[in-house]
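# Tertiary structure, described
What follows is the residue order along each chain.
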Amino acid sequence: MRRCEALKAALADARELRAAVARELPDVGDPVLVEAVVAVAGRAARVEGRRLALHRRVTLLAQAPPAVPRRSAPDTELMPALFGLVSEGGGDPWRRSSDVNLPATLGALATDGACLAGTIVEEVRRLSPPAPPRDWSQLVGSIDAAAWRAAVEPTPDGERAALVALLDTWADQPFARAGGRWWVGRASAEVVDGLREGGIAAASWPVRAGGSESWFVAAAAPSGAADGDPVPAAVPQARLVRVERDDAARLRALVAAIEAHGPVRVPESAAARFAELTGVRRAVARLVVAGLVGRPDRDEDRALARRAPYKASPMTAESYKRLRARLGGAGRRAVLAAGLPEDPAELWQEGGIEAAAERMAAVWRERLGTLPVLDDEAADALKAGLGLPEVWARRLAGGYEAAADVTVEAAGWELAATPYGVGVEVRAVPRAGAELPYRTPVGLALGQIASALVWAWTDRPVGDPAVAGAMDLYERLRTELDRPELLIALAGGRVQDTAEGIAERFGPRRLPVAADRRKEAKPVGVTAYDSGPLVVCAPGGAAFLRPAAAADPQVWRRVREVAGLAEELDRVAPLSAGGGLERMMHRARSGAVPAGSYEADPRQSCPALVVRVSERLGVGADAAALYLQLATLAAPTDRNVRRWNGWSPKQHSWPVRNCWARGGWWRPSGRGRAGPCSCPGSGAS
């Protein structure tokens, strides 16, 4: 009896428990013993509570057995298969609680559907799953997205089995029947309980264990109901889903087709069609039509995108990750759901996957828009040769506005003290009031755009559509260089003079030098003297060029003479008005080289010189062309020479032998590129 009284008190609260101990054990006065009895009684009460709950659960489930899915799949297999389609709703898709090795979500799906159909009561529904389930409600109205992953071959077999179990279970639920109307959303548990008390059939689970918010699926009131529908009034942000098609029959047909024919192969033509219609890279298209594949683990996600059959470069893998994030959960489900036709058997017919890729591309364009079609080979070559990202390949193809990145336009430029030491640097300044994320680039990347243009005009065939926007890109660069406030640092260049001498030569006008924002406010120990085309800092002599002020050839020569910075100025001279880059632009416009040929092939770009060298060395035209390439070009590798000249390895061997026989000025290095050369005579200079 005393034990029962103590347990009842322990189940009530701590104060009642202590009162019961004092009442039942009046002779125990030692506080330590009292606390020990209280602790043991509390522990026993908790055990008793769990025993009673388990007894009630066993009794209840024995009287009203829950719905059991025909196939089983633990969450450890099902949730990775649904990555990107079902999320917990946090800002970071990788921050998620661990999955249990139990069929919690699949079991909850079956019992939730039975409760919504009215075959089991709410208490049986809550007690049935072996663990808290994931939010399967996000798939209501878009279960076709999961069906697409189950159908296509790139999905791993273990994940496919879990998805097939999901589809088979889904087909038995009331929300798979045509004509159904369901509310899906999130609300507090109290709001959902209030809907149940009002007679609304609803299935719900906490978004996170111990949290106050729950996701729910509730039956919508019949159209024209006299009392209206209480769900949108209680949860204004709830989403109404209408099931227009008979998903139950379609999903069963798909499962049968997978079991009969195996998963459907995704041909390269489907990825090519998707890329053509959306403008994404071919590797991105492969990842999309294969099911917007991904993994919860960051490293696994990157590695998966880079492996066969996707073969994405590191930059393309990052681009794919950003595009996938921009789609959002609803967008990802919509893109994949569009792939599944009305009759799933069409996927196994000729052209079925290509037609699916076209439907997916249409939804993609609605969500993210369309980019100009990109030449994958050119983009890969630009990345391999110069390390430039995809955005520059798109701009070379379609002009500067053809692609956007996070760079913001510079409102001006200023000189600022460097974070460390006493140096000075040029800093592009965004427009006033702009709050930019950390490390957002400001101002046009002059070096990148100039490198991309040189590559386009020297390393690509004339008339190549992949560089059709190069002229527009040059005009954008020219506009930036002509801005009077632009300053360019002359890297490594210093005027050798004292502070007084610099002030006398380049002063008296001064340019402010801003303090580094990360340091405490204190006077900057550098003075910048502004002579117009050149700004020189004292002490130290660090120099900065103002290209717009030095555009006149006479001014350029004068600056070159007085500053003692000839080498540093020569490095930036190609960017100047009338400089090397502008001459290359005019050359590209001239049509001097036939379309499809390369400027790097001297037989096309300077045939008269090839004739002179051929006569001087006594070799054929091909050997003379090879001689010029080895003597003048930066990277005359065997691969590049064959590409420029249109030679096969056998064709390449003949001029090599000819050159060797005539003077031995060429020898292979054994690494696939030209080795050292000693060029006889001066005919090629």
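Worth saying up front: this structure is predicted, and the values here are computed from it rather than measured.

## Quick word on the pattern of salt bridges
Summed over the entire model, instances satisfying the criterion amount to 47 salt bridges. The residue Arg 273 makes a salt bridge to Glu 276 at a minimum N-O spacing of 3.2 Å. One end of the pair, Arg 273, and the other, Glu 276, are both in helix H12 (residues 268–278), three residues apart, so they sit about a helical turn from each other. Overall, the relative accessible area of 26% leaves Arg 273 in the partly exposed class. By relative accessible area, which is 47% here, Glu 276 ends up partly exposed. A salt bridge links Arg 273 to Glu 358, with the nearest nitrogen and oxygen atoms 3.0 Å apart. With Arg 273 in helix H12 and Glu 358 in helix H16 (residues 352–368), the pair connects residues that are 85 residues apart, well separated along the chain. Beyond isolated ion pairs, a larger network of salt bridges with shared partners links Arg 70, Arg 71, Asp 168, Asp 172, Arg 252 and Glu 259.

## With respect to the packing of aromatic side chains
One pass over the structure, following the stated rule, counts seven aromatic pairs. Between the aromatic rings of Trp 170 and Phe 175, the centroid separation amounts to 4.9 Å while the plane-to-plane angle is 65°, which identifies the pairing as edge-to-face. We classify Trp 170 as buried; its relative accessible area is 1%. On the basis of an interplanar angle of 55° and a centroid distance of 6.2 Å, the ring pair of Trp 457 and Tyr 474 is categorised as tilted. With Trp 457 in helix H19 (residues 446–458) and Tyr 474 in helix H20 (residues 470–481), the pair connects residues that are 17 residues apart, well separated along the chain. Accessibility classification places Trp 457 together with Tyr 474 in one group, the buried group. By way of ring pairs, the aromatic residues Trp 136, Trp 170, Phe 175, Trp 182 and Trp 215 are connected into one cluster. Its end group placed over the ring of Tyr 400, Arg 476 keeps NZ or CZ at 5.0 Å from the ring centre.

## Side note on the packing of H12 against helix H13 (residues 282–289)
Two measures define how a pair of helices packs: the angle their axes make with one another and the distance between the axes. Two elements in contact, H12 and H13, have axes whose closest approach is 8 Å; the angle formed by their N-to-C orientations is 115°. The angle between H12 and H13 places the two elements in the roughly perpendicular class. Here the hand of the crossing between H12 and H13 comes out right-handed. Contacts between H12 and H13 involve Glu 268, Ala 270, Ala 271, Ala 272, Phe 274 and Ala 275 from the first element and Arg 282, Ala 285, Arg 286, Val 288 and Val 289 from the second. When the residues that make up the contact of H12 with H13 are grouped by side-chain class, the tally is eight nonpolar, no polar and three charged.

## Some remarks on a nonpolar patch on the surface
On the surface, a nonpolar cluster with roughly 270 Å² of combined accessible area is contributed by Leu 25, Val 28, Leu 33 and Val 37. In this structure, Leu 33 sits in helix H3 (residues 31–63).

## Looking at the sheet that holds strand E2 (residues 202–206)
What holds strands together in a sheet is hydrogen bonding between their backbones, with the strands either parallel or antiparallel. The strand order across the open sheet built from four strands is E2-E3-E1-E4, with neighbouring strands paired in antiparallel fashion. Either end of the sheet is taken by a strand with one partner, and the two such strands are E2 and strand E4 (239–242). Across the sheet, the mean angle from the axis of one strand to that of its neighbour is 20°, orientation sign disregarded. In the sheet, strand E1 (residues 181–188) pairs with E4 via four bridges, with the strands oriented antiparallel. Bridge pairing in E4 places Trp 182 opposite Val 241. The strands touched by helix H5 (residues 104–117) within the sheet are E1, E2 and strand E3 (213–219), with E2 carrying the most contacts at an inclination of about 145°. Contacting E1, E2 and E3, helix H9 (residues 189–197) runs over the sheet at an angle of about 140° to E1.

## Digging into the packing of helix H8 (residues 157–170) against helix H11 (residues 247–261)
Running from N to C, H8 and H11 cross one another at 150°; their axes reach a closest spacing of 9 Å. The orientation of H8 relative to H11 falls into the category roughly antiparallel. Crossing angle aside, the handedness with which H8 passes H11 is left-handed. Residues Arg 160, Val 164, Leu 167, Asp 168 and Trp 170 of H8 touch H11, and the partners they reach there are Leu 251, Leu 254, Val 255 and Ile 258.

## Topic: unusual backbone geometry
Here the residue pair Ala 308 and Pro 309 is connected by a cis peptide bond, since its omega of 10° sits within 30 degrees of zero. Looking at where Pro 309 falls in the secondary structure, it is placed in the loop between helix H14 (298–306) and helix H15 (314–339). One non-glycine residue, Leu 292, lies in the positive phi region at around 50°. Here Leu 292 shows up in the loop between H13 and H14. You will see that Lys 311, though not glycine, has its phi angle at about 55°, which is positive. Relative to the helices and strands, Lys 311 resides in the loop between H14 and H15.

## Describing the sheet that holds strand E12 (residues 542–545)
Across the sheet, five strands lie side by side as E7-E12-E11-E10-E8; this open sheet has antiparallel pairing. Whereas interior strands pair on both sides, the edge strands pair on one side only; in this sheet they are strand E7 (488–494) and strand E8 (510–511). Here three bridges tie strand E11 (residues 534–538) to E12, and the two strands are oriented antiparallel to one another. In the strand pairing of E12, Val 536 is matched with Ala 543.

Conventions used here
Residues numbered from 1 in each chain as written. Predicted model: local features only at pLDDT ≥ 70, side-chain atom pairs only at ≥ 80, totals over all residues. Heavy atoms only, no water. Salt bridge = Lys/Arg side-chain N within 4 Å of Asp/Glu carboxyl O. Helix = DSSP H or I, 4+ residues; strand = E, 2+ residues; numbered from the N terminus. Buried < 20%, exposed > 50% of the residue type's maximum accessible area, 1.4 Å probe, protein only. Phe/Tyr/Trp six-rings, centres within 6.5 Å; stacked < 30°, edge-to-face > 60°. Lys NZ or Arg CZ within 6 Å of the ring centre and 35° of its normal. Axes fitted to C-alpha atoms, helices over the stretch in contact; angles between N-to-C directions. Parallel < 35°, antiparallel > 145°, perpendicular 65-115°, else oblique. Left-handed = near helix turned anticlockwise from the far one by under 90°. Contact = heavy atoms within 4.5 Å. Nonpolar A, V, L, I, M, F, W, Y, C, P; charged D, E, K, R; others polar. Patch = residues over 30% accessible without salt bridge, like charges linked within 9 Å, V, L, I, M, F, W, Y side chains within 5 Å. Areas by Shrake-Rupley, 256 points an atom, 1.4 Å probe, with all protein chains shown as cover. Pairing = 2+ DSSP bridges.

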